[in-house]
Amino acid sequence: MKQEIIISGFGGQGVLSMGKILAYAALMEGKEVTWMPAYGPEQRGGTANVTVIVSDDPVSSPILSRYDTAIVLNQPSLDKFEPKVKPGGTLIYDSFGILDKPTRTDINCYHIAAMEEAANLNMMKCFNMFVLGGYLKVHPVVKVESVMAALRKTLPERHHHMLPVNELAIIKGGELIQP
């Protein structure tokens with residue numbers, strides 16, 4: 001198994017931390033992983049993306065030009081990364097941040113109303129976990145239990161009271177994702 005993933009959106013949407021948590025969960029399961037963030041000078045509001053590779057075998061390079069999966073949370077990210085999804089690959093997008101829907105017919109497109117659901121449930125700080133839950137429903141590269149263990153390790157202890165809410169967001173994200 002090998003999944004080459006790009007996650008992209010505005011700074012402040014939890015793009016980098018979503019990638020970090022996914023990578024950490026994969027490491028905890030004994031998988032080979034790379035995590036390579038990229039963001040502009042504005043960490044909040046500017047564009048940010050992270051490349052994550054999860055594999056059963058050693059990863060030769062973290063640099064990619066094509067992806068198995070693109071998770072995009074805004075229109076600029078969709079415009080940039082939709083063409084870079086491999087034929088037969090997966091594109092996941094948050095319904096809220098996209099005006100012009102994906103147009104490719106040679107990839108599997110999924111939308112998730114993560115922003116809307118996070119707002120409805122007053123769980124905006126968990127927005128990225130809704131999206132991660134949707135991704136894991138489509139491509140279960142790691143177990144939810146591993147994601148929760150990764151959250152326990154990466155979240156500062158003062159935020160551990162948020163763990164049950166994050167787990168709920170991951171589960172709900174799996175229910176929300178639609179083709």
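Look above for the structure.
As a starting point, this report considers the structure included with it. For clarity, every value in this text was computed on a predicted model and none was experimentally measured.

Considering the packing of aromatic side chains
One pass over the full model with this rule turns up one aromatic pair. Taking the centre distance of 6.0 Å and the plane angle of 85 degrees together, the rings of Tyr67 and Phe81 count as edge-to-face. Within this pair, whereas Tyr67 is found in strand β4 (residues 67-72), its partner Phe81 is found in helix α2 (residues 75-81), the two being separated by 14 residues in sequence. A single burial state applies to Tyr67 and to Phe81, both of which are buried.

A word on the side chain of His139
As for its placement among the helices and strands, His139 is situated in the loop between α4 (127-138) and α5 (144-154). In terms of polar contacts, His139 uses its side chain to reach the side chain of Thr90, at 2.8 Å. Not counting residues up to four positions away in its chain, the partners in contact with His139 are Gln3, Thr69 and Thr90.

Topic: the sheet that holds strand β1 (residues 2-10)
Pairing is mixed in the open sheet, where six strands are placed in the order β2-β3-β1-β4-β5-β6. In the strand order of this sheet, the two ends are held by β2 (32-39) and β6 (108-112), each with one partner. Neighbour-to-neighbour, the strand axes of this sheet turn through a mean angle of 15 degrees, independent of strand direction. Its contacts with the sheet put α4 on β1, β4, β5 (85-94) and β6, and the angle it makes with β6 is roughly 145 degrees.

A look at the nonpolar core
Ranked by internal contacts, the top residues of the largest apolar core, which has 39 residues, are Leu22, Leu132, Tyr135 and Val147. Only β1, α1 (15-28), β3 (47-55), α3 (114-120), α4, α5 and α6 (163-176) provide two or more residues apiece to this core. Discounting residues that sit within four places of it in the chain, Tyr135 has contacts with Gln3, Ile5, Leu22, Thr69, Ile71, Ile92, Val141 and Ile177. Core analysis: the next-biggest nonpolar cluster, separate from the first, contains 11 residues, Leu78, Val85, Ile98 and Ile107 among them.

Cut-offs used in this document
- Residues numbered from 1 in each chain as written.
- Predicted model: local features only at pLDDT ≥ 70, side-chain atom pairs only at ≥ 80, totals over all residues.
- Heavy atoms only, no water.
- Phe/Tyr/Trp six-rings, centres within 6.5 Å; stacked < 30°, edge-to-face > 60°.
- Helix = DSSP H or I, 4+ residues; strand = E, 2+ residues; numbered from the N terminus.
- Buried < 20%, exposed > 50% of the residue type's maximum accessible area, 1.4 Å probe, protein only.
- Polar contact = N/O pair within 3.5 Å; in protein donor to acceptor, adjacent residues only side chain to side chain.
- Contact = heavy atoms within 4.5 Å.
- Pairing = 2+ DSSP bridges.
- Axes fitted to C-alpha atoms, helices over the stretch in contact; angles between N-to-C directions.
- Core = buried A, V, L, I, M, F, W, Y, C linked by side-chain atoms within 4.5 Å.

Don't take any of this as a statement about function, it's just geometry.
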